[in-house]
Amino acid sequence: MTCLFLMKNRSLRARRFAPALTLIALSAAAVAQSEVPEIQITAYRTPQKLDLQPQAIDVITAKDLKTSGATTVRDAIRWLAGVVTRTDTSTGREPVLDLRGFGETAASNTVILIDGVRQNEGDMNGTTLSWIPVDGIERIEILRGSGAVLYGEGATAGVINIITNKSAGAPGSFASLTLGSFGTQDARAGLHTISGPWRFQVHANSFDSDNHRNSYETKQRNALVRATWSEADVTWSAQLGGQTSRSHQPGGLTPADFETRPEFAYKTADQNHSEMSNLLLSAELPMGTWRMAMDVNHRATQQDTDLKSSSYISDTKTTATRAGLRTWHEFSMGAQRHRFLIGLDSERWNQQDNNTYGSTHIEQESTALYARHEIELSEQGLKMFGGARRTEALREATGSALGSLDQPNTSWEMGAAKRVGAEAEIFARTGTSFRLPNANEFSCFDGEFCPVNTANLLRPQTSRDLEFGYRRNFSDGRWTARYYRHDLTNEIAYVPSQFANINFDPTRRDGLEFDVNARLGKTVDAGLQYALRRAIFRDGVNAGKDIPLVPSQSLTARLTYAMSATQQWQVTTQLISSQRIGDDFSNASLLRIPGYGIANLRYSQKLNQWTLSAEVRNLGDRAYYNYRTRVSAASKSVYPEPGRAFYLTARHDF
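Below is a short write-up of the structure. (Residues numbered from 1 in each chain as written. Predicted model: local features only at pLDDT ≥ 70, side-chain atom pairs only at ≥ 80, totals over all residues. Heavy atoms only, no water.)

**Section: the overall build of the protein chain**
The secondary structure content of the protein chain amounts to 7 helices and 35 strands. Against the globule reference of 26 Å for 654 residues, the protein chain gives a C-alpha radius of gyration of 24 Å, in line with a compact fold. For the C-alpha atoms alone, the extent of the protein chain along its principal axes is close to 65 × 55 × 55 Å. A fraction of 64% describes how many contacts in the protein chain between residues 6 or more apart in sequence connect residues 24 or more apart. Surface summary for the protein chain: the accessible area is close to 26,800 Å², and the carbon and sulfur share equals 58%. Taking the 72 positively charged and 69 negatively charged side chains of the protein chain as two groups, their mean positions are separated by 5 Å. (Helix = DSSP H or I, 4+ residues; strand = E, 2+ residues; numbered from the N terminus. Rg over C-alpha atoms; globule rule 2.2 N^0.38 Å. Contact = heavy atoms within 4.5 Å. Areas by Shrake-Rupley, 256 points an atom, 1.4 Å probe, with all protein chains shown as cover. Lys, Arg positive; Asp, Glu negative; His and termini not counted. Charge placed at Lys NZ, Arg CZ, Asp CG, Glu CD.)

Here it is, written out as structure tokens:
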């Protein structure tokens, strides 16, 4: 199947995939229809059922996480939700998640939440998720498509909401140890206790690995403590997480190096050290006929970077405080069921960056008011919604970089979902979203590779968003097909030749997505996600050209076989098509980042209180990469991914 991705004609590739997709859809249709187990989601900032939602939504449950053996949130999202990733050039544990083909700036167009609280940083460093213990997650909700009304800027591609398990389940504790290739040692422990209305959880993790390149070792220590008080319909929760990380950064290779010595490193002394603390306080309680929720999140990060290869040193301190207050009311008017939500978000983000080129202080603050109204007509099987958000944002940079931005924005959305028959739904939605220049766009210094006054030149990015689709429930499963389109104006994107972000000419992201999850008989579970996507310039000098670092097709599949009540096999595979190299905006090069296909195999067995597992990743030992920033063969711009790797895990539940 990998050869499908190497063919040039997109329509031909789509036709070649069609038989496989049709077969899966027909197989699901052959299963007797019944009710799908009810799943509640909270990514809409109120508890919602999964049905009659006018948006593409994937839910990864705690059971899914345990079955897959995923050790990080990002790995779980890649293999269980079929999200395309791009390599992490720093620690190797934080690959970029690209929901809908945003390439280099995917992280800046996706909002990451923990228990509904925004975690995105105000710069280009991305969001750290490896500190979140997978064992303490209740579910992961992935909403593809704009979430601007509820979560503000940078949500054009979608929203990922990680819900931790505040209830803690039954009291108990566990300890696990993973040993594997590249000198990997991953030790984890957790404790859950209950005392009256209180629930307490403690998680700790120690991770060491040499990774798959020379001078690429990573050491991380993570911890999380949570206390939850719950009685009747009132809940209070406090959570404190922390991480310390030290890693080396081997840099890129030339294409020739990749072919002959992919483990090589030119940069043997470049390193990064970071420390992070994350405090989250939240509450939910009734207020008469209304319900209210509030949260406060404070995050502090210290990052020290020493790039000896380029004589660059930086010392960066960042603090972010976000507070949210929302209230909602559910009421009936005749046959109509209404839910009205109104909320207020406030953010203060500060960064002091002292580096080789000078010192820069950046302050960012925003305040937003939003509202969303839903109307459900149960007899007609119809739900409609509309919403709007008003954001006031101020951003200022002083010191070595100067710039300011005082930019209000109003985003809106509307949509509907309609039940068609007993087990099917159609849905559609439209609206707007936006993104503002962040700290790194302000902090560009005036030099050889950076335009003068970059911050003042950048304009806010806006998008017109559209999505419609069809989904159908079957026995223990569901399949969904959908089309989306995002028309962006003044897209803020990275240009490697300038080492800076600029405003693109008008661009478009559109595509088709198909996914199916089904239980095939009593012992087999299957899942598949397929996407056919396009990312192009709509106008300007590159009109009609592909935007780099966006594969036109991806297919992710998994099959889980319960060999017995205590033994299980799981195979996962992902096929990614070729993509343009990072600086090939004119599409003038015949060279591309090659397409690839990889598979993983995992076996697990439960023996009383022990769970033992063995895993092989990249089973076929495929040599591949998904990130290359320069067309030039002399440039060190290729970042290889790992080859075949073996891991053994032993876990004991007390």
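Resuming the write-up.
**A closer look at the pattern of salt bridges**
Tallying each qualifying case throughout the model produces 44 salt bridges. E347 is the salt-bridge partner of R322, the closest N and O atoms lying 3.2 Å from each other. Of this pair, R322 sits in strand β17 (residues 312-333) while E347 is found in strand β18 (residues 336-355), placing the two residues 25 residues apart along the sequence. You'll find R322 and E347 in the same group, each marked buried. Across the salt bridge formed by R538 and D487, the nearest N and O atoms sit 3.9 Å from each other. Of the two residues, R538 is situated in the loop between β28 (524-537) and β29 (553-562) and D487 in strand β24 (residues 477-489); the sequence distance between them amounts to 51 residues. A relative accessible area of 13% places D487 in the buried class. Salt bridges here are not isolated pairs; linked through shared partners, they connect E330, R337, R339, R372, E374, E413 and R429. (Salt bridge = Lys/Arg side-chain N within 4 Å of Asp/Glu carboxyl O. Buried < 20%, exposed > 50% of the residue type's maximum accessible area, 1.4 Å probe, protein only.)

**Quick word on the sheet that holds strand β9 (residues 158-164)**
Within the open sheet, the 5 strands sit side by side as β3-β8-β9-β6-β7. Their pairing is mixed. Only two strands of the sheet have a single neighbouring strand rather than two, namely β3 (56-61) and β7 (117-118). Bridge count for strand β6 (residues 110-114) against β9 is 5 bridges, and the pairing is parallel. Paired with V111 across the bridge in β9 is V159. (Pairing = 2+ DSSP bridges.)

**Quick look at the pairing of strand β11 (residues 184-195)**
Pairing of strand β10 (residues 172-180) with β11, which is carried by 9 bridges, proceeds in the antiparallel orientation. Residue pairing for β11: S173 is matched across the bridge by L191. Taking the residues between adjacent antiparallel strands as the criterion, β10 and β11 are bridged by 3 residues, where F182 takes a positive phi near 60°. Across 11 bridges, β11 lies against strand β12 (residues 198-209) in antiparallel orientation. Bridging from a neighbouring strand, A189 pairs with A204 of β12. Hairpin connection between β11 and β12: a loop of 2 residues separates the two successive antiparallel strands, and G196 in this loop has a positive phi of roughly 60°.

**Focus on the nonpolar core**
By size, the foremost hydrophobic cluster in this structure holds 29 residues, and its most contacted members are I77, I140, I160 and I162. Put simply, the parts of the chain that give this core at least two residues each are α3 (73-81), β5 (96-98), β6, β8 (137-144) and β9. Per-element accounting of this core gives the leading share, 5 residues, to α3. Ignoring anything within four residues of it in the chain, the contact list for I162 reads V73, I112, L113, I114, D115, L129, I132, I137, R139 and I140. (Core = buried A, V, L, I, M, F, W, Y, C linked by side-chain atoms within 4.5 Å.)

**Side note on the packing of aromatic side chains**
Inspection of every chain in the model, using the stated rule, returns 14 aromatic pairs. Both rings, one in F264 and one in Y266, keep their centres 4.9 Å apart while their planes meet at 90°; by these two values the pair is edge-to-face. Since its relative accessible area comes to 24%, F264 is described here as partly exposed. By relative accessible area, which is 35% here, Y266 ends up partly exposed. (Phe/Tyr/Trp six-rings, centres within 6.5 Å; stacked < 30°, edge-to-face > 60°.)

**Regarding unusual backbone geometry**
The phi angle at D115 is positive, at roughly 55°, despite the residue not being glycine. Relative to the helices and strands, D115 resides in the loop between β6 and β7. Take D115: its relative accessible area is 16%, and that puts it in the buried class. Residue F182 is not a glycine yet carries a positive backbone phi of 60°. Take F182: it is sitting in the loop between β10 and β11.

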